[in-house]
Amino acid sequence: MGFKIHFPDLNRRIESGEKETILDSALNAGIDLAYSCRFGRCGVCKILLLGGKVEHLSHGKFSLTEEEKEEGFILACRSVPLSDLILPWTHKSPKIIS
Ligand code: FES
């Protein structure tokens, strides 16, 4: 059974699939969360967990540090819900052209 993920900034609640990452659940529901590599290397999908618990799947040690984890940050592409969750919405940044 999946869990509910609440995005209060968007006034949206979505269902997560069983063992589905937060990023995949959000994208499948049409919520445009920020991401790049999708396998725990870049850190672009880092997000502050406002409520609930997640399982952290393997990821690069610099994309999410132990200190950041203690502060409540997660990688959306490498986190699976273990309970209902509350998350902020951080949409993809536009590409910066210099
Ligand atoms: S998208 Fe790169 S670490 Fe999640």
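Quick caveat: nothing in here was measured; it's all calculated off a predicted structure. (Residues numbered from 1 in each chain as written. Predicted model: local features only at pLDDT ≥ 70, side-chain atom pairs only at ≥ 80, totals over all residues. Heavy atoms only, no water.)

Visitor: Provide a residue-level description of the packing of aromatic side chains, including the pertinent values.
Guide: By the definition in use, this model includes zero aromatic pairs. In this structure, Arg 38 packs its charged tip against the face of Tyr 35, placed 5.1 Å from the ring centre. (Phe/Tyr/Trp six-rings, centres within 6.5 Å; stacked < 30°, edge-to-face > 60°. Lys NZ or Arg CZ within 6 Å of the ring centre and 35° of its normal.)

Visitor: Report on unusual backbone geometry, specifying residues and quantitative values.
Guide: Phi angles above zero are rare outside glycine, and Asn 11 is one such case at about 55°. Along the chain, Asn 11 falls in the loop between β1 (4-7) and β2 (12-15). The class for Asn 11 is exposed, based on a relative accessible area of 68%. Even without a glycine there, the phi angle at Lys 19 is positive, about 60°. Exposure remark for Lys 19: the relative accessible area of 64% places this residue in the exposed category. (Helix = DSSP H or I, 4+ residues; strand = E, 2+ residues; numbered from the N terminus. Buried < 20%, exposed > 50% of the residue type's maximum accessible area, 1.4 Å probe, protein only.)

Visitor: Residues and numbers for the sheet that holds strand β7 (residues 85-86), please.
Guide: Taken in spatial order, the three strands make up an open sheet running β2-β1-β7, and their pairing is mixed. Strands at the two margins of the open sheet, each flanked by one partner only, are β2 and β7. Both β1 and β7 contribute to a ladder of two bridges, which runs parallel. Pairing of His 6 across the sheet is with Ile 86, part of β7. (Pairing = 2+ DSSP bridges.)

Visitor: Lay out empty space enclosed by the protein with the relevant residues and their values.
Guide: With the rule as written, the count across this model stands at one cavity of 30 Å³ or more. Estimated volume of the largest cavity: approximately 40 Å³. Along the walls of the largest cavity sit Tyr 35, Ser 36, Cys 37, Arg 38, Gly 40, Arg 41, Cys 42, Gly 43, Val 44, Cys 45, Leu 75 and Cys 77, which together make up its complete lining. Tallied by class, the residues present in the lining of the largest cavity amount to seven nonpolar, three polar and two charged. (1 Å grid on protein atoms, 1.4 Å probe; cavity = no way out; pocket = protein on both sides within 12 Å on 5 of 7 lines; lining within 4 Å. Points joined across faces, edges and corners; volume = space filled by probe spheres on them. Nonpolar A, V, L, I, M, F, W, Y, C, P; charged D, E, K, R; others polar.)

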